[in-house]
Amino acid sequence: MITKFKFSDSIVSSKDVLSAIKNFDSAGELFGYGVRNKIKLIPVNGKTINIKSFKIPNIINKIAYKYFRKSKARRSFEYATILLEKGIGTPMPIAFLENFNFIGLKDSYYVSEHLVTELTYRELVEIPDYPDRENILRQFTKFSFDLHEKGIEFLDHSPGNTLIKKRDEGKYDFFLVDLNRMNFHESMPFEMRMKNLCRLTPLKEMVAVMSNEYAKYYPESEQKIFDTLWKMTADFQEQFYRKKRLKKKLKFWKK
């Protein structure tokens, strides 16, 4: 067994982090209901750390993650570091650990600070009368615009992957999570920017607010932003539910 471990100066010691990972199955509290990956909150010396255990890869990915590609855990750690360097919020990265056997990657873990926040973008979609909803949505849109201006294409820019924390009266901070799929560009063209926003909400009124706010900062008309973003949103939703129906049919025929 070969283990690769990288640790950054943080709120806890490397010894404590290694111990928490070693006891991952028996320690801490399960966080969320991940199907593919498992997240646990583990107390360490009065602090709470967040450890994400990635699903054991199939045989092809075992080999790929050993010889050709960085693991999801390593990418999460490295991308979090880049985001913070660029002034984008994300929970502080603490460490990543990879275990390899003779075939390839056996298992991997990403460790970060655990942030307690009030909501995610998802609540804005699911709760129409959420307090201060439009203001939060507009600030989130400006946050997304800043991502794009810095050339950050967050491929999992979806409702549950932005944590939102109230800072002052009427002011909010935003933190990206689930970071292993990300591209960095010198600049992002209009179509790429709109595509990056199309998975966030199926609600036309939210798309209208986001288009209005984005147009304040980007040199394109509000109407074109709305038309483009709404078409991409509708296309994504149609594709999403088509896949869902297909999976349901396949599940039925397997019975």
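First, a word on what this report is: a plain description of the structure on this page. Everything numeric here is computed off the predicted structure, so don't read it as measured data. Each chain carries its own residue numbering, running from 1 in the written order of its sequence. Residue-level local features of this predicted model are given only where pLDDT is at least 70; pairs of side-chain atoms are given and counted only at 80 or more, and the full residue set underlies all totals for whole chains, interfaces and linings. Heavy atoms throughout the structure, all of them, feed into the side-chain values; hydrogens and water do not.

## Describing unusual backbone geometry
Part 1: A positive phi angle is found at Asp132, which is not glycine, with a value near 65°.
Part 2: Helix and strand labels come from DSSP, where a helix needs a run of H or I of at least four residues and a strand needs a run of E of at least two; each type is numbered from the N terminus. Locating Asp132 in the fold gives a position in the loop between helix H4 (121-126) and helix H5 (133-149).
Part 3: For Asp132, a relative accessible area of 37% translates into the label partly exposed.
Part 4: The backbone phi angle of Asp178 is positive, close to 60°, even though this residue is not glycine.
Part 5: Here Asp178 is to be found in the loop between strand S10 (171-176) and strand S11 (182-184). Only protein chains enter the accessibility calculation, which uses a 1.4 Å probe; a residue is then buried when its area is under 20% of its type maximum, exposed when over 50%, and partly exposed in between.

## Things to note about the environment of Arg75
Part 1: Looking at the element boundaries, Arg75 is found in helix H3 (residues 72-85).
Part 2: The exposure class of Arg75 is buried, given its relative accessible area of 8%.
Part 3: C-alpha separation for the pair Arg75 and Tyr110, spaced 35 residues apart in sequence, amounts to 9.1 Å.
Part 4: Every residue in contact with Arg75, bar those within four places of it in the chain, is listed here: Tyr65, Arg69, Lys70 and Asn180.
Part 5: Residues adjacent in sequence count toward polar contacts only when both atoms are side-chain atoms; beyond that, a polar contact is any pair of N or O atoms within 3.5 Å, and within protein one must be able to donate a hydrogen and the other to accept it. From its side chain, Arg75 meets the backbone oxygen of Lys70 in a polar contact 3.0 Å long. We call two residues in contact whenever any of their non-hydrogen atoms come within 4.5 Å of each other.

## Here's the deal with the sheet that holds strand S6 (residues 105-113)
Part 1: In short, DSSP must find at least two bridges between two strands for them to pair. Spatially, six strands are ordered S1-S5-S6-S4-S3-S2 in an open sheet, and the strand pairing comes out antiparallel. Two strands lie at the open edges of the sheet, namely strand S1 (2-7) and strand S2 (29-30), each paired on one side alone.
Part 2: For strand S3 (residues 38-44) and strand S4 (residues 47-53), the ladder comprises seven bridges, and the chain directions are antiparallel. Each residue of the ladder has a partner; that of Leu41, found in S4, is Asn50.
Part 3: Packing against the sheet, helix H2 (residues 59-67) makes contact with strand S5 (93-100) and S6, and its axis sits at approximately 65° to S6.
Part 4: Fitted lines through C-alpha atoms serve as axes, helices being fitted only where they are in contact, and the angles separating the N-to-C directions of these axes extend from 0 to 180 degrees. Relative to the sheet, H3 contacts S1, S5 and S6, its axis offset from that of S5 by approximately 160°.

## Regarding the pairing of S10
The side chains of a regular strand alternate, first on one face of the sheet and then on the other.
Part 1: In this structure, strand S9 (residues 162-168) lies alongside S10, joined through six bridges in antiparallel fashion. In the strand pairing of S10, Lys166 is matched with Tyr172.
Part 2: Here S9 hands over to S10 after two residues, with Gly170 in that stretch at a positive phi of 80°.

## As for the packing of H5 against helix H7 (residues 204-214)
Part 1: Taken N-terminus to C-terminus, the directions of H5 and H7 make an angle of 55°; their axes are 9 Å apart at the nearest point. Considering their axes alone, H5 and H7 lie oblique with respect to each other. Crossing geometry of H5 relative to H7 is assigned as right-handed. Contacts between H5 and H7 pair Arg133, Glu134, Leu137, Arg138, Phe140, Thr141, Phe145 and His148 from the former with Glu205, Met206, Val209, Met210, Asn212, Glu213 and Tyr214 from the latter.
Part 2: Of the residues in the contact of H5 with H7, the class split is seven nonpolar, three polar and five charged. The scheme is simple: roughly parallel for angles under 35 degrees, roughly antiparallel for over 145, roughly perpendicular for 65 to 115, oblique for anything else. A crossing counts as left-handed when the near helix is turned anticlockwise from the far one by less than a right angle, and as right-handed when that turn is clockwise. Each residue is assigned to one class: nonpolar for Ala, Val, Leu, Ile, Met, Phe, Trp, Tyr, Cys and Pro, charged for Asp, Glu, Lys and Arg, and polar for all the others, Gly among them.

Such coordinate-based values are descriptive only and should not be taken to indicate function.
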